[in-house]
Amino acid sequence: METKIPDANAEDSNEAVISVRDLRVRYGEREILHGVTFEVPRGQTLVILGGSGSGKSTLLRTLVGLERPSAGEIWIKGQNISRITEGELDVIRKKMGLSFQGGALFGSMTVGENVALPLREHTKLEDSTIQIVMRLKLEQVGLAGFENYNPSQLSGGMKKRAAVARALSMDPEILFFDEPSAGLDPIIAAGIDNLILKLQKAFRMSIVVVTHELASAFLIADRMLLIDKGNIVAQGTKEEMQNSKLPRVRQFLDRIAEPEVEGEMDYLQMLTGEAPDRSL
Ligand SMILES: Nc1ncnc2c1ncn2[C@@H]1O[C@H](COP(=O)(O)OP(=O)(O)OP(=O)(O)O)[C@@H](O)[C@H]1O
Ligand SMILES: [Mg+2]
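Residues numbered from 1 in each chain as written. Chains lettered and ligands numbered in written order. Predicted model: local features only at pLDDT ≥ 70, side-chain atom pairs only at ≥ 80, totals over all residues. Heavy atoms only, no water.

### Here's the deal with the sheet that holds strand β5 (residues 79-80)
Read from one edge to the other, the open sheet built from four strands follows the order β2-β1-β4-β5, with strand pairing classed as antiparallel. Edge positions in the sheet fall to β2 (30-41) and β5, since each of these pairs with one other strand and no more. Relative to strand β4 (residues 71-76), strand β1 (residues 16-27) runs antiparallel, the two sharing five bridges. For R21, the partnering residue across the bridge sits in β4 and is E73. (Pairing = 2+ DSSP bridges. Helix = DSSP H or I, 4+ residues; strand = E, 2+ residues; numbered from the N terminus.)

Shown next, in the form of structure tokens:
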């Protein structure tokens, strides 16, 4: 093993590409994330799990600088992005690809124009080069030849893949996906999973994915974290999560509907003075 020297530019494979410490985020008076701490090692996929409204999208939006933290630190590639200017943030954003929940393609542009957009906005590349990169990215997601289609002419899965192609256009080092396969049929969703796996394995990208789909989560994750009402309740490798005995983890992974469990507990406890027997 090599000796690890702390260095912002080190390309050590064990280095955390994202390091979040005690992060708090609020919308107005309402705090949504109550101090979350975790790391994403370089070249790994972190899956963020949690119920609806738990703060997953907020966390992702904060990681890419769309929301500013009210407290805590976010280190991305050795820079604390909660302390830098918009200009400096723009430089880091170019290293990040985003595919957001409901992250629509622009309907007024062709698929190719959508994929080329970040290149037009953020680079001075010539049009002919942009065309080549755009075609390459569409090819990478299995959409070669669809550049002149309008987004409305694509299926749901194809739209998602086109959005991934757009996220890849700037050759990002870190990719963020919010619900990449939500609303897709299982076969198409599996295609998106395979695409994410390919990006991670073939290009050593560091990837953060928010998903509700447990099968998908266990397929693509190296590490997972479970967030509940703005707090991390568990994190670890997918094996550690799978074997966890923490009730909140079991409840989520075994998919016991939360309000029913709590409501039923309260009601039965009130009647009998003891917790209900859930064994079958
Ligand atoms: N722009 C906003 N302004 C005010 N409150 C917001 C905003 N975005 C989200 N929230 C609130 O923050 C909380 C967390 O929302 P968030 O979108 O992060 O949840 P989520 O875990 O992604 O849920 P889902 O699984 O349904 O996508 C919710 O209570 C939501 O109402
Ligand atoms: Mg969300």
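### A look at unusual backbone geometry
Residues other than glycine seldom take positive phi values, yet D22 does so here, at roughly 50 degrees. When you line up the elements, D22 lands in strand β1. In this structure, K77 is a non-glycine residue whose phi angle is positive, near 45 degrees. Relative to the helices and strands, K77 resides in the loop between β4 and β5.

### Re the confidence of the model for the protein chain
Per-residue confidence for the protein chain gives a mean pLDDT of 85; residues scoring 70 or more make up 85%. At the low end of the mean pLDDT range in the protein chain sits helix α10 (residues 258-272), at 46; at the high end sits β2, at 97. When the criterion is pLDDT under 50, residues 1-10 qualifies, and its contacts beyond four places in sequence or with other chains add up to eight contacts. Across residues 260-280 the pLDDT falls below 50, and counting only partners more than four positions away or on other chains, this stretch makes 17 contacts in the model. (pLDDT = per-residue confidence, 0-100. Contact = heavy atoms within 4.5 Å.)

### Quick word on the site of ligand 1
Close to ligand 1 lie 13 residues; R30, S52, G53, K56 and T58 are nearest. R30 places a side-chain nitrogen or oxygen 2.8 Å from an oxygen atom of ligand 1. The separation between an oxygen atom of ligand 1 and a polar main-chain atom of G53 is 2.8 Å. In the complex, 63% of the free accessible area of ligand 1, which totals 640 Å², lies under the protein chains. (Near = heavy atom within 4 Å. Polar contact = N/O pair within 3.5 Å; in protein donor to acceptor, adjacent residues only side chain to side chain. Areas by Shrake-Rupley, 256 points an atom, 1.4 Å probe, with all protein chains shown as cover.)

### Description of the side chain of K238
Along the chain, K238 falls in helix α8 (residues 238-243). Buried within the structure, K238 lacks any salt-bridge partner; its nearest side chain of opposite charge belongs to E239, at an N-O separation of 5.3 Å. A polar contact of 3.2 Å, which involves the side chain of K238, links it to the backbone oxygen of A221. When residues no more than four places from it in sequence are discounted, the contact partners of K238 are F218, L219, A221, D222, R223 and M224. (Buried < 20%, exposed > 50% of the residue type's maximum accessible area, 1.4 Å probe, protein only. Lys, Arg positive; Asp, Glu negative; His and termini not counted. Salt bridge = Lys/Arg side-chain N within 4 Å of Asp/Glu carboxyl O.)

### Examining the sheet that holds strand β8 (residues 206-210)
If you walk across this open sheet you meet the six strands as β6-β7-β8-β3-β9-β10, and the pairing is mixed. What marks the edges here is a single partner per strand, and that holds for β6 (96-99) and β10 (231-237). Averaged over neighbouring strand pairs, the angle between their axes works out to 15 degrees when direction is ignored. Relative to strand β9 (residues 223-228), strand β3 (residues 45-50) is paired through five bridges, and the arrangement is parallel. In the sheet register, V47 faces β9, and the bridge partner there is M224. (Axes fitted to C-alpha atoms, helices over the stretch in contact; angles between N-to-C directions.)

### Observations regarding the pairing of β10
Pairing of β9 with β10, which is carried by six bridges, proceeds in the antiparallel orientation. Paired with L226 across the bridge in β10 is A234. The hairpin turn running from β9 into β10, its antiparallel successor, is two residues long, and K229 in that turn takes a positive phi close to 45 degrees.

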